Amino acid sequence: MAAPEQAPPPPEGSKPLSALLNGIAQAAYYGNADITEELLHGQLYPEAAPEEFRALRAKMSGLLQSIASADMDLNQLEAFLTAQTKKQGGITAEQAAALAKFWKHHRAKIHESLVSRSRRGSVLRSLSWRVDLKAQARHLEQLHTPVAIVEMELGKDGQGPELLCLELDEAKLSQVLRRLSEVEESMALLTQAS
Amino acid sequence: AADKINLIPQDFFAELCEQIIQHLNHKIPGVNTAELCQRIQTSGIELNVGDLSKIANIVSFLFSTAARNHLSTEELITTLGNAVSALPKHAVQVIRHVWNEQGKSISESEDAGNMATVGQFVDLKWKLGVAMSSDACRSLKYPYVMVTLTVADPSGQITDKSFEMTIPQFKNFFRQFKEMAAVLETV
């Protein structure tokens, strides 16, 4: 039987709370199902009573979820955490500091994880290509026509990869470039407007 | 699926055979079964794309075999009778007519085994979107590009393949195609 997975060890000199937040993120956002509540309890807060730990974990999870869901920037985060320290049954200043530090380091990664969770349909996994000279052709003028052979790997969550292999001559390639330029123009307008 | 041929009205079947012959003549990249099926369904006929595709494959195989063996119209009809039992009379008529008119041209421009596993690019459609919010995250604000490629696969069937890209992925995608074009020019 494999050894049970270890919770990430708390870095030197930091509180178990940072490690707890890390553990929560591992399970909730990074897809690490091995980081269980029991594991975290045993590793990080062994002296705490089970209900006490459960309450702490639930509170921290809830706060992290609110912060991640709103993808808070530093201003929003500060306002949010300050409010939390002021309210009844809220958090301590120390806990607020730990949360702030954690979010600063993990914001981008957690947001990315939430974004990929929201993607429906296939995504482009990889693209490779080469240029061939058509060696055989029906009509003489097609001989030595260069074509691009493009191979795309598409994927959908939970499904195997789908390979798409296409041939494009110069004309078709121009068509593709025209279309992709249209996308770029639209993108420029979008960033201008925002 | 062969018996489903009964369901297809003559004019639609004629259109299908026309497209198949044109594809075999390399005049069009493929047969747009999805589009044709849509119109057939709109006229009240219950036929799904899967069945229509199978029928298209059968007819395509029939025509290309006939072309390879340089069959005359009468020989084709005889072969047809042996291969597919109880074909509706109007279907036989259509096949006879289409082969009479265009069968010879396939024989002349025969492609010696186009063994490509490569599809032909037909069209690219795109959509630029920003995912605002989801059940997992209220503030997503995630811009993405959705591309739909229309492709004619080696058997001639036209299909759409859609996929999503992040903005950095799209930029890389665009850059790769520009590189291809640059290489194509120099070759």
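- In the nomenclature of an unreviewed UniProt entry, chain B is known as COMM domain-containing protein 6 of Dryobates pubescens.
- If you open the UniProt record of chain B and go to Function (unreviewed entry), you find "Scaffold protein in the commander complex that is essential for endosomal recycling of transmembrane cargos; the commander complex is composed of the CCC subcomplex and the retriever subcomplex. May modulate activity of cullin-RING E3 ubiquitin ligase (CRL) complexes. Down-regulates activation of NF-kappa-B. Inhibits TNF-induced NFKB1 activation."
- Here is the UniProt Sequence similarities (unreviewed entry) comment for chain B, exactly as written: "Belongs to the COMM domain-containing protein 6 family."

1. Let's talk about the overall build of chain B
Reasoning step 1: Counting its secondary structure elements, chain B contains six helices and three strands.
Reasoning step 2: Beginning at the N terminus, the succession of helices and strands in chain B can be written as α-α-α-α-α-β-β-β-α.
Reasoning step 3: Taken across its 187 residues, chain B has 45% of its residues classed as buried.
Reasoning step 4: Taking as baseline every contact in chain B between residues at least 6 positions apart, the subset at least 24 positions apart corresponds to 56%.
Reasoning step 5: Carbon together with sulfur atoms contributes 53% to the accessible area of chain B, which is approximately 9,400 Å² in total.

2. A word on the confidence of the model for chain A
Reasoning step 1: Averaged over chain A, the pLDDT score is 86; the fraction of residues at 70 or greater is 87%.
Reasoning step 2: Mean pLDDT per element in chain A: helix H2 (residues 37-44) of chain A is the minimum at 88, and helix H4 (residues 74-86) of chain A is the maximum at 95.

3. What about the interface of chain B and chain A?
Reasoning step 1: Each partner contributes residues to the interface: chain B has 47 residues there, and chain A has 48 residues.
Reasoning step 2: Counting the surface lost from both chain B and chain A, the interface buries some 4,500 Å², and carbon and sulfur atoms represent 71% of this.
Reasoning step 3: Counting the surface chain B buries against chain A, the share from its top three residues, Phe121, Trp126 and Leu184 of chain B, is 16%.
Reasoning step 4: One can count three salt bridges joining chain B with chain A.
Reasoning step 5: Arg179 of chain A is the salt-bridge partner of Asp123 of chain B, the closest N and O atoms lying 3.4 Å from each other.
Reasoning step 6: Applying the counting rule to chain B against chain A returns 20 residue pairs in polar contact (both at pLDDT 80 or more).
Reasoning step 7: Those elements that place two or more of their residues in the side of chain B that touches chain A are strand E1 (119-131), strand E2 (142-152), strand E3 (158-166) and helix H6 (167-186) of chain B.
Reasoning step 8: For the side of chain B that touches chain A, the leading source of residues is H6 of chain B, giving 15 residues.
Reasoning step 9: When grouped by side-chain class, the residues that make up the side of chain B that touches chain A number 26 nonpolar, 11 polar and 10 charged.

4. Some words on the packing of aromatic side chains
Reasoning step 1: Tallying each qualifying case throughout the model produces six aromatic pairs over all chains.
Reasoning step 2: Aromatic side chains Tyr45 of chain A and Phe53 of chain A sit 5.8 Å apart centroid to centroid with 45 degrees between the ring planes, which places their arrangement in the tilted category.
Reasoning step 3: Looking at Phe53 of chain A, the relative accessible area reads 2%, which means it is buried.
Reasoning step 4: Plain terms: the ring middles of Phe163 of chain B and Phe173 of chain B are 6.0 Å apart, the flat faces sit at 65 degrees to each other, and that makes the pair edge-to-face. You can see Phe163 of chain B sitting in strand E3 and its partner Phe173 of chain B sitting in helix H6, a full 10 residues away along the chain. Per residue, the accessibility class of Phe163 of chain B equals that of Phe173 of chain B, and both read buried.
Reasoning step 5: Aromatic rings pair up to connect Phe163, Phe173 and Phe177 of chain B into one cluster.

5. Considering the environment of Ala56 of chain B
Residues and elements named next belong to chain B.
Reasoning step 1: Along the chain, Ala56 turns up in helix H3 (residues 49-68).
Reasoning step 2: Accessibility expressed as a relative area gives 4% for Ala56, which makes it buried.
Reasoning step 3: It is 9.5 Å that separates the C-alpha atoms of Ala56 and Gln19, two residues lying 37 residues apart in sequence.
Reasoning step 4: Not counting the four nearest positions on each side in its chain, Ala56 is found in contact with Leu16, Ile20, Thr33 and Gln157.

6. Brief notes about the packing of helix H2 (residues 33-42) of chain B against H3 of chain B
Residues and elements named next belong to chain B.
Reasoning step 1: Where H2 meets H3, the closest approach of the two axes is 9 Å, and the angle between their N-to-C directions is 120 degrees. Of the possible angle classes, the one that applies to H2 and H3 is oblique. Crossing of H2 over H3 shows right-handed handedness. Residues Thr33, Ala34, Leu36, Cys37 and Ile40 of H2 touch H3, and the partners they reach there are Val49, Leu52, Ser53 and Ala56.
Reasoning step 2: Along the lines of polarity and charge, the residues of the contact of H2 with H3 split into seven nonpolar, two polar and no charged.

7. Examining the packing of helix H1 (residues 10-24) of chain B against H2 of chain B
Residue and element names in this part refer to chain B.
Reasoning step 1: Contact pair H1 / H2: the axes reach a minimum separation of 11 Å and the direction vectors enclose 175 degrees. The angle between H1 and H2 places the two elements in the roughly antiparallel class. Two secondary-structure elements touch here, H1 through Phe12, Glu15 and Leu16 and H2 through Leu36, Arg39 and Ile40.
Reasoning step 2: Of the residues assigned to the contact of H1 with H2, the class counts are four nonpolar, no polar and two charged.

8. Topic: H2 of chain B
Residues and elements named next belong to chain B.
Reasoning step 1: The complete set of buried residues in H2 reads Thr33, Leu36, Cys37 and Ile40. Buried residues along H2 cover an arc of 100 degrees about the axis, so they all sit on one side. Along H2, exposed side chains directed more than 90 degrees from the buried face belong to Gln38 and Thr42.
Reasoning step 2: One or two positions beyond H2, positive phi appears at Gly44, with a value near 100 degrees.

9. Topic: a nonpolar patch on the surface
Reasoning step 1: Taken together, the side chains of Leu190 of chain A together with Val130 and Met132 of chain B define a hydrophobic patch exposed on the protein surface, amounting to about 240 Å² of accessible area.
Reasoning step 2: In this structure, Met132 of chain B sits in the loop between E1 and E2.
Reasoning step 3: Classification of Met132 of chain B as partly exposed rests on a relative accessible area of 49%.

The rules we used
- Residues numbered from 1 in each chain as written.
- Chains lettered and ligands numbered in written order.
- Predicted model: local features only at pLDDT ≥ 70, side-chain atom pairs only at ≥ 80, totals over all residues.
- Heavy atoms only, no water.
- UniProt positions renumbered as here; feature names shortened; annotations may be inferred.
- Helix = DSSP H or I, 4+ residues; strand = E, 2+ residues; numbered from the N terminus.
- Buried < 20%, exposed > 50% of the residue type's maximum accessible area, 1.4 Å probe, protein only.
- Contact = heavy atoms within 4.5 Å.
- Areas by Shrake-Rupley, 256 points an atom, 1.4 Å probe, with all protein chains shown as cover.
- pLDDT = per-residue confidence, 0-100.
- Buried area = accessible area lost by both parts, 1.4 Å probe.
- Salt bridge = Lys/Arg side-chain N within 4 Å of Asp/Glu carboxyl O.
- Polar contact = N/O pair within 3.5 Å; in protein donor to acceptor, adjacent residues only side chain to side chain.
- Nonpolar A, V, L, I, M, F, W, Y, C, P; charged D, E, K, R; others polar.
- Phe/Tyr/Trp six-rings, centres within 6.5 Å; stacked < 30°, edge-to-face > 60°.
- Axes fitted to C-alpha atoms, helices over the stretch in contact; angles between N-to-C directions.
- Parallel < 35°, antiparallel > 145°, perpendicular 65-115°, else oblique.
- Left-handed = near helix turned anticlockwise from the far one by under 90°.
- Arc of directions from axis to C-beta.
- Patch = residues over 30% accessible without salt bridge, like charges linked within 9 Å, V, L, I, M, F, W, Y side chains within 5 Å.

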